[in-house]
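Read off the chains here:
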Amino acid sequence: MSEPVSALPGFRNEGMISVVEAGPCGMITMRGDLTLPALAKAMTDVMKADIPAQRRITHCDHGRVAWMSPDELLLITDYGAVPGIIGDLQSAIGDAFVSLADVSDARAVFRLSGPQVCDVLAKICPVDFAAFEVGEIRRTRAAQVAAALLRDAEHAFTLVCFRSVAQYMGDLLATVSAPGGEVGLYRG
Amino acid sequence: MLLLSCPCCGVSAEETEFVNGGEAHLKRFGPGSDDADYESYMFNRKNPMGVHFERWRHVHGCGKWFIAARCTVTLEVFATYPAQTTEPPAEVVARIKARRPDWEGYK
Ligand SMILES: [Zn+2]
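**Q** Explanation requested: the packing of aromatic side chains in the structure shown.
**A** For any pair of aromatic rings, the description consists of the separation of the ring centres together with the inter-plane angle of the planes. Under the defined criterion, the tally for this structure stands at eight aromatic pairs over all chains. Centre to centre, the rings of F53 of chain B and Y106 of chain B are 5.3 Å apart; their planes meet at 85°, and the pair counts as edge-to-face. Of the two residues, F53 of chain B is situated in strand β4 (residues 51–57) and Y106 of chain B in the segment after α2 (90–99); the sequence distance between them amounts to 53 residues. A relative accessible area of 8% places F53 of chain B in the buried class. With relative accessibility at 22%, the residue Y106 of chain B sits in the partly exposed group. By way of ring pairs, the aromatic residues F129, F132, F157 and Y186 of chain A are connected into one cluster. A cation sits over an aromatic face here: R55 of chain B above W65 of chain B, 4.2 Å from the ring centre.

Written as C-alpha cells, this is what we have:
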C-alpha cells in the first residue's frame, strides 16, 4: 500500500495558540438508526464503545466515537486500522440497515491548543464557548467553511474539516491567531 | 439577528449556521391537480408581517431540516419543531397565541 499523505503535511503555526495539522487520521462515517440493537451490539463488540449521547464523544480502545447527527456517528481511529474495523463492523451488523464509509482521506484534522483557544475560535465560529463542555462535539462553520470541533480539554480542541479546504483552514487559523489579535473574552 | 435552536441536535446558534428553506407546511399539488392549485403550490407564497412558519436546515451542523415559527417583524422565535409535521403542533399554536393575542391563527 502506498504511503498515506495528509492534507497539509507538517503544517504548524505558533501564534496566540498552537495550530498543528494532525497527519493521517482514520475516520469512519456510520449512518443508520442509532437505536438499532444490532448497531449498539456491533459498537460494543468491535469498538468496545457505547453509542455516545447527543453531541457527545465516547472513548474506546480504538479511538473515539462522536455523535454527528440523530442518524450518524463518526469513528476516529488510526489510519491503518480503518479497513479492519469496517470489515469487523460490517460482519457484526449483518443485514441491519447501516452504512459504513471510510472518509479518512476526505478530511483534514488540526489540533489547536493554548489558553486563548476559545477566543481564537470565537472569531470564526458562531458558537458560545462558555457552554461548550469538554467531551462535547459541535458541528459548525469556521468563517466560510463547515467544521467540526471536539473539545479535548479546557484549552485543547480537535478541528475536522474537508480536505479540499485544508489550506484555507490552515491560513485562516494562522491569521486569527496572529499575535496582537488578543480578545480576552474567555478568561480561564 | 435570528437565534434558532435545532430540535434535531439541540444546538442553539445564530442564523448563519442554518439555511432558510422557504414557507413550511406546503401541500403538494402534482400531476392531475387543477391549474389553480398547481400554480398556487408552485408559485404563491405567504409573506406575512408577523407570525410565519418556515423550513430551516441546520446546514453547518447536524444537516437536518426542521420548522421554525417566528415573527418576521421582531425576529422573535416562538418555537422550532420537527419537519415531520403537516401543520403547527397545538402547543406551538398556544405559545404563539400567548405571545401574540391578535394573531388570526394558522390558516
Ligand atoms: Zn441540528
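Next comes the rest of the account.
**Q** For this particular structure, what's the right way to read the coordination of the zinc ion?
**A** By definition of the ideal shapes, a tetrahedral metal site with four donors has angles of 109.5 degrees and an octahedral site with six donors has angles of 90 or 180 degrees. Residues and elements named next belong to chain B. Looking at the zinc ion, one finds its protein donor set to be C6 (SG), C9 (SG), H58 (ND1) and C62 (SG), positioned 2.0 to 2.4 Å from the metal centre. Seen from the zinc ion, its four donor atoms lie at angles of 98 to 117°, and the figure they make is tetrahedral. Donor residues for the zinc ion, ordered by position in the chain, follow C-x2-C-x48-H-x3-C. Here the residue C9 occupies a position in the loop between β1 (3–5) and β2 (12–14), and H58 occupies one in the loop between β4 and β5 (65–71), the gap between them amounting to 49 residues.

**Q** Can you walk me through unusual backbone geometry in this structure?
**A** Outside of glycine, negative phi angles account for most residues, and trans bonds account for most peptide bonds. Look at K48 of chain A: it is not a glycine, yet its phi comes out positive at around 55°. Here K48 of chain A lies in the loop between α1 (37–47) and β4 (57–60). According to the relative accessible area criterion, K48 of chain A is exposed, its value standing at 53%. Phi is positive for L75 of chain B, which is not a glycine, with a value near 65°. Examined against the element boundaries, L75 of chain B turns out to sit in the loop between β5 and β6 (77–82). A relative accessible area of 30% means that L75 of chain B is categorised as partly exposed.

The rules behind each value
- Residues numbered from 1 in each chain as written.
- Chains lettered and ligands numbered in written order.
- Predicted model: local features only at pLDDT ≥ 70, side-chain atom pairs only at ≥ 80, totals over all residues.
- Heavy atoms only, no water.
- Phe/Tyr/Trp six-rings, centres within 6.5 Å; stacked < 30°, edge-to-face > 60°.
- Helix = DSSP H or I, 4+ residues; strand = E, 2+ residues; numbered from the N terminus.
- Buried < 20%, exposed > 50% of the residue type's maximum accessible area, 1.4 Å probe, protein only.
- Lys NZ or Arg CZ within 6 Å of the ring centre and 35° of its normal.
- Donors = N, O, S within 2.8 Å, 3.2 Å for Na, K, Ca; no water.
- Tetrahedral: all angles 85-135°; square planar, octahedral: opposite > 155°, others 65-115°.

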